[in-house]
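# A look at the structure
The lines below spell out each chain.
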Amino acid sequence: MAKVKTRGDAIAFAKNLLDERGNTFFSTTLQQTFVDEANRIVFEELVNTNYEFFLNTASFTYTADAERFDIQSTTVDSASAAATPYKIIDLGHTASSDAVSANNQLLQWRPMRFKERFAIQRQFGDYKASATYHWCLVGKYLYVAPMPSEALNCKIYYIAPLADMTNDNDELLGGYAHQSFGDAVGYCMAHLMNAKQHKENPMVEQLWASALERIRNCATSRVTEEGGHVRVTRHPWD
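Read on for an overview of the structure. (Residues numbered from 1 in each chain as written. Predicted model: local features only at pLDDT ≥ 70, side-chain atom pairs only at ≥ 80, totals over all residues. Heavy atoms only, no water.)

### Things to note about the environment of W135
The following threshold applies: Helix numbering and strand numbering both begin at the N terminus, where a helix is a DSSP run of H or I of at least 4 residues and a strand a DSSP run of E of at least 2. Relative accessibility decides the category of a residue: with a 1.4 Å probe and only protein chains considered, values under 20% of the type maximum give buried, values over 50% give exposed, and everything between is partly exposed.
The residue W135 is located in strand 6 (residues 134–138) in this model. Take W135: its relative accessible area is 12%, and that puts it in the buried class. Placed 21 residues apart in sequence, W135 and F114 show a C-alpha to C-alpha distance of 8.3 Å.

Written as structure tokens, this is what we have:
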């Protein structure tokens, strides 16, 4: 069972790696700063390697004839407070407001650049009902082109931003993936603390490098089963 799962666990783990027995060299405030930064760094590494750990979904109604929508009214951070998505993975609409199903399939929207929205609007003209919708996120606003002529039942699949940790019992990585990679937050924190000590402990740097390698090699997929196939080759004597 993983031992480094909370903010307090990571702080204690990092201090043990550096043989820091109290708060003499690193104040409590500095320790909290380092662990929060380490948590963010590992989160971003995991998202870049495999966003599946952090995937969220939400539904909303896009108003007819509206150029933009305040997505922050729909999406949340890792503490369930309203927040703009860290990344949008997929976005589209369905015929009804029910869950996505074989009879209510998601019609995916395409990403666009902000400056393309009016050109797309002009391109589709009065054929908005059959148009392929395009989107971009600017600040907290989701811009859509062409502007829909009727309200749309939308689904968004996104990565929530990390909420700030406030106490030692808060789970690392927003409560996701901490069972497997919480120790990486501790290694990263020790790495940041070691930098303040001019990298006096080279073993800490090796441990953090190994943790990064483990993320990049082992977090890529949680699916071990591969599709069945037959490979036909010639006999050696053919």
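### Some remarks on the packing of aromatic side chains
Selection criterion: Stacked, tilted and edge-to-face are the three classes assigned to paired rings of Phe, Tyr and Trp, where Trp is represented by its six-membered ring and a pair needs centres within 6.5 Å; plane angles under 30 degrees give stacked, over 60 edge-to-face, the rest tilted. Only Lys NZ and Arg CZ are tested; either one counts as a charge over a ring when it is within 6 Å of the ring centre and within 35 degrees of the ring normal.
Under the counting rule described, the total for this entry stands at 13 aromatic pairs. Their ring planes at 15° and their centres at 4.6 Å tell us that F60 and F69 sit as a pair that is stacked. Exposure remark for F60: the relative accessible area of 7% places this residue in the buried category. Site record: aromatic cluster; members linked through ring pairs are F43, F53, F54, Y86, Y176 and F181. Sitting above the plane of the Y141 ring, R68 keeps its charged end 3.6 Å from the centroid. The ring of F114 carries R117 above its face, with NZ or CZ at 3.7 Å from the centroid.

### Focus on the pairing of strand 1 (residues 55–62)
Let me state the cut-off plainly: Strand pairing is defined by DSSP finding a minimum of two bridges between the two strands.
Here strand 1 shows a buried face lined by N56, A58, F60 and Y62 and an unburied face lined by L55, T57, S59 and T61. With eight bridges joining them, strand 1 and strand 8 (residues 152–159) adopt antiparallel strand pairing. Residue pairing across strands places S59 opposite K155, the latter belonging to strand 8.

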